[in-house]
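Each chain, letter by letter, is given below.
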Amino acid sequence: PVAATCDWLPQDDDGWSFYEEHQSRAGANGTGPGSLMDPLEDPVPGLGTYEDFNTIDWVREKSKDRDRHREVRNSRRSTAALLHSISDAFSGWLLMLLVGLMAGALAGGIDIAAHWLTDMKEGICLDGFWFSHEHCCWKSSETTFKDRDRCPQWQTWGELITGTSEGAFSYILNYLIYIVWALFFAFLAVTLVRAFAPYACGSGIPEIKTILSGFIIRGYLGKWTLITKTVTLVLAVSSGLSLGKEGPLVHVACCCANILCHLFTKYRKNEAKRREVLSAAAAVGVSVAFGAPIGGVLFSLEEVSYYFPLKTLWRSFFAALVAAFTLRSINPFGNSRLVLFYVEFHAPWHLVELVPFIFLGIFGGLWGALFIKANIAWCRIRKTTRLGRYPIVEVLAVTAVTALVAYPNSYTRMSGAELISELFNDCSLLDSSQLCGYLQVGRPDRPAGPGLFTALWQLALALLFKMLITVVTFGMKVPSGLFIPSMAVGAIAGRLLGVGMEQLAYYNHDGLIFKGWCTPEADCITPGLYAMVGAAACLGGVTRMTVSLVVIMFELTGGLEYIVPLMAAAMTSKWVADAFGREGIYEAHIRLNGYPFLEPKEEFEHSSLAVDVMRPRRSDPPLAVLTQDSMTVGGVEALVESTRYSGFPVVVSQESPRLVGFVLRRDLLISIDNARKRQDGVVGASLVVFSEHPPAQAPDGPPPLRLRGIMDLSPFTVTDHTPMDITVDIFRKLGLRQCLVTHNGRLLGIITKKDILKHMAQIANRDPDSILFN
């Protein structure tokens, strides 16, 4: 069931009944020999597939792929078979090529459209309304290098209507039109999401992480979600809300990969293989978001992927390369560079500066921890109060407040990427920015002037505003990324500290700290570098990225020699943030939404045993089981009708409950229904046989129904005294959905992924019923 929110709560969730029905539906079946259904030669359609809100069985999917690969390899006798084998081997690389091309083209289009619509809030190009401000002034012959953002062809709305850009009336007119455009874009975005694709809202990364761990959310990576997210992402960014497009681009790239997987049989029919492609697509998303192909691969490996074999690493690298090349060909930034914020710092950093860099790391960690707690609290209010029922009103209210407060301050009015680029910039002679308002521009020693003091006040106000508004913006019912807002907060804090250090050095050349390396003739402090380190620290504090973050930052800026400051800030920010809670923002949202996600980084430190977690508990009714050769079709149907379980262990008999195998409810029902239609003599009194040799029957009795082919003959088992930390590791590393518990070969109970999550929630003093799906 699909709800019209980002929370995706099932409409018919009635606790254990919903859980049991969805818990084991996609368990390990089909690993035994024989066809899917013994009485029929052709496969039964629908067997072994998964339904919505199910977890896939990695073991079964990998087994299916090995069987398919063996079949392809053993059939190389004819030319056609050889060609089929070659095409099968190259299909993965071809798919990666297509994903890279499609994602790169979409990202380029999103960048260009967002830039154009953002500028449209402030004015219009007289040479053609489809030109952005920058492109409009490029074409002008009257643009000076110093005032390169001013040209007669570009007019503000106030100038166009009143004929002058000066005066209060023109300013108020520009202000009102800016707010109207922002509200219009936000209204369009939230309405399109609500009407066409509820799954298109939010960042998408928490859901991508959950899907990559083996969960199925039908439609989350579908074509309608892709189209809606692409369009609404442009509108949401253009509205001026405190959000970025970088996180949602990971979702867009994964949608592209999922759609293209349907062109290739081996990916269309195998959920585990498809998740390998989606891992590579996550790398492509970051590659096109930042122009950072290597950082994208590391981001997928460190932050998003659950299962990342070496083959996926190579393919991710190739797909990220193709996507980056495609984006570079489109050249959306118009500067012939792939990187988003190119920096050219001329002064080297000094060892003493590690102290302020570490302070920035501490600030980033504190901000990250505070942001996560505040944002989750706000999202919980949204989920549990009437606020969640009015997403359009909420989006419009936040947009109105953002536009109203942002317009008077030039640093909040500009887009997030523009602001970060401005903060990273190192002042030169031709810079007209207020941040370069020094009294002696061009000289190494630069005392601050009135222009710089004004800019610092505006930046301080912008910092407070960004910190507050991002908390309520992230998680609204529009596409919203967190990379750019987090980096903007850190970059502002870093620039403020950098200017402070610069002025301290200027007025204390002979002080103990600066003596020897900070002479009046040398430019020893670079405020832009502090902004870069602050941006990395805040992004690390929010997401808890480390290695991939540093690589993304130096790819993003081209500042290769500043890896050590970035590493120091990233590690400090992670340590400080982890002191307040081990979860990053994405893990916190996964837990908030109740997805069945076993965090691979989290340690299980409790000394409980499998028998403490398994069901049935002492007060529960006994486990519902099938016997291998003593139940009739009517008896099996009655058992299925009277329970909501999604899978049934098969035992020798009720008196001797030795485990034989495991059968899924869905496969059982499909097989019985198919046999009634297509096999003569199957009635309610027909014996259902799971053993190899059916027992002797009366000659005039109905023929038995042999269902050994749909049974998993090797279900995973643990003993009742297996420690839970080992059991949790088995679930994580093998991707299990359920595991049966035995004692001396006798079946005692079952442990599911959801049982483990509930047990871990209880240990952490959280509500175990918050785990909603499996």
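Every chain is numbered independently, its residues counted from 1 as its sequence is written. With pLDDT at 70 or above as the cut-off, local features in this predicted model cover only qualifying residues; side-chain atom pairs require 80 or more to be listed or tallied, and sums for whole chains, interfaces and linings still use all residues. Where side-chain values are given, they derive from all heavy atoms of the structure, hydrogens and water being excluded.

Novice: So what's going on with the pattern of salt bridges? Residues and values would help.
Specialist: A side-chain nitrogen of Lys or Arg and a carboxyl oxygen of Asp or Glu constitute a salt bridge if their distance falls within 4 Å. Scanning the entire structure with this criterion turns up 22 salt bridges. Close ionic contact of Lys245 with Asp111 constitutes a salt bridge, the shortest N to O distance being 3.2 Å. Here Asp111 lies in helix α3 (residues 79–120) and Lys245 lies in the loop between α8 (223–238) and α9 (246–261), a separation of 134 residues in the sequence. Any residue under 20% of the maximum accessible area for its type is buried, any over 50% is exposed, and the rest in between are partly exposed; the area is computed with a 1.4 Å probe on protein chains only. The class for Lys245 is buried, based on a relative accessible area of 12%. Three or more residues joined by partner-sharing salt bridges are found here, namely Asp65, Arg68, Asp88 and Lys266. What counts as a helix is a DSSP run of H or I of at least four residues, what counts as a strand is a run of E of at least two, and both are numbered from the N terminus.

Novice: Can you lay out the nonpolar core for me, pointing to particular residues and giving the numbers?
Specialist: Ranked by internal contacts, the top residues of the largest apolar core, which has 142 residues, are Phe424 and Met553. Here this core gathers at least three residues from each of two domains, domain 1 (97–136 + 148–330) and domain 2 (351–591). By nonpolar core is meant a set of buried Ala, Val, Leu, Ile, Met, Phe, Trp, Tyr and Cys residues that side-chain atoms within 4.5 Å join together. As used throughout, domain bounds are those supplied by an automatic or database domain assignment.

Novice: I'd love a proper account of the side chain of Thr118, names of residues and values included.
Specialist: As for its position among the elements, Thr118 is in helix α3. Judged by its relative accessible area of 13%, Thr118 falls in the buried class. What Thr118 contacts, discounting residues up to four positions off in sequence, is Val237, Ser238 and Ser415. Residues are treated as being in contact if the distance between any of their heavy atoms lies within 4.5 Å.

Novice: Kindly report on the UniProt feature "transmembrane region" (unreviewed entry) in the protein, identifying the contributing residues and their values.
Specialist: UniProt positions are given in the numbering used here, feature names are shortened, and annotations may be inferred rather than shown by experiment. Here the UniProt-annotated "transmembrane region" (unreviewed entry) positions come out as residues 93–117, 175–200, 249–265, 277–301, 351–370, 390–407, 452–476 and 482–499. Here residues 175–200 is 85% helix and 0% strand, with 30 Å between the C-alpha atoms at its ends. The distance from the first to the last C-alpha atom of residues 452–476 is 36 Å, and the span holds 88% helix and 0% strand.

Novice: Can you explain the pairing of strand β11 (residues 746–752)? Please cite residues and give values.
Specialist: Most of β11 sits out of view: five of its seven residues are buried. Across six bridges, the pairing between strand β10 (residues 738–743) and β11 is antiparallel. Its bridge partner being in β11, Leu740 is matched across the sheet by Ile750. Where β10 hands over to β11, the hairpin turn is made up of two residues, of which Asn744 adopts a positive phi near 55 degrees. A pair of strands counts as paired when DSSP detects no fewer than two bridges linking them.

Novice: Pulling in residues and values, what's your account of the packing of aromatic side chains?
Specialist: Classification of ring pairs rests on two measures: the distance between centres of Phe, Tyr or Trp rings, Trp counted by its six-membered ring, which must be within 6.5 Å, and the angle between planes, read as stacked under 30 degrees, edge-to-face over 60 and tilted in between. The final tally for this structure, using the stated rule, is 19 aromatic pairs. Centre to centre, the rings of Phe129 and Trp130 are 5.4 Å apart; their planes meet at 80 degrees, and the pair counts as edge-to-face. With 6.1 Å between their ring centres and 45 degrees between their planes, Phe184 and Phe185 make a pair best called tilted. Accessibility expressed as a relative area gives 41% for Phe184, which makes it partly exposed. Residue classification places Phe185 among the buried residues on the basis of a relative accessible area of 2%. The rings of Trp116, Phe129, Trp130 and Phe131 are connected pair by pair, giving a single aromatic cluster. Comment: the charge-over-ring label is applied if NZ (Lys) or CZ (Arg) is within 6 Å of the ring centre and within 35 degrees of the ring normal. Sitting over the ring of Trp93, Arg315 keeps its end group 5.4 Å from the ring centre. A cation over a ring is seen here: Arg413 above Tyr407, with NZ or CZ 4.2 Å from the ring centre.

Novice: An account of the state of the cysteines is requested, with residue identities and associated values reported.
Specialist: Here is the idea: a disulfide is a covalent bond, and it sits between the sulfur atoms of two cysteines. Disulfides are defined as cysteine sulfur pairs within 2.5 Å. All chains considered together, the criterion is met by one disulfide. Across the disulfide from Cys125 sits Cys136; the S-S distance is 2.0 Å. Measuring the twist about the S-S bond at about 75 degrees, one finds the Cys125-Cys136 disulfide to be right-handed. Of this pair, Cys125 sits in strand β1 (residues 123–125) while Cys136 is found in helix α4 (residues 133–138), placing the two residues 11 residues apart along the sequence. Neither residue differs from the other here; Cys125 and Cys136 are each classed as buried. The closest cysteine sulfur to the non-disulfide-bonded Cys255 is located on Cys256, 7.0 Å from its own sulfur.

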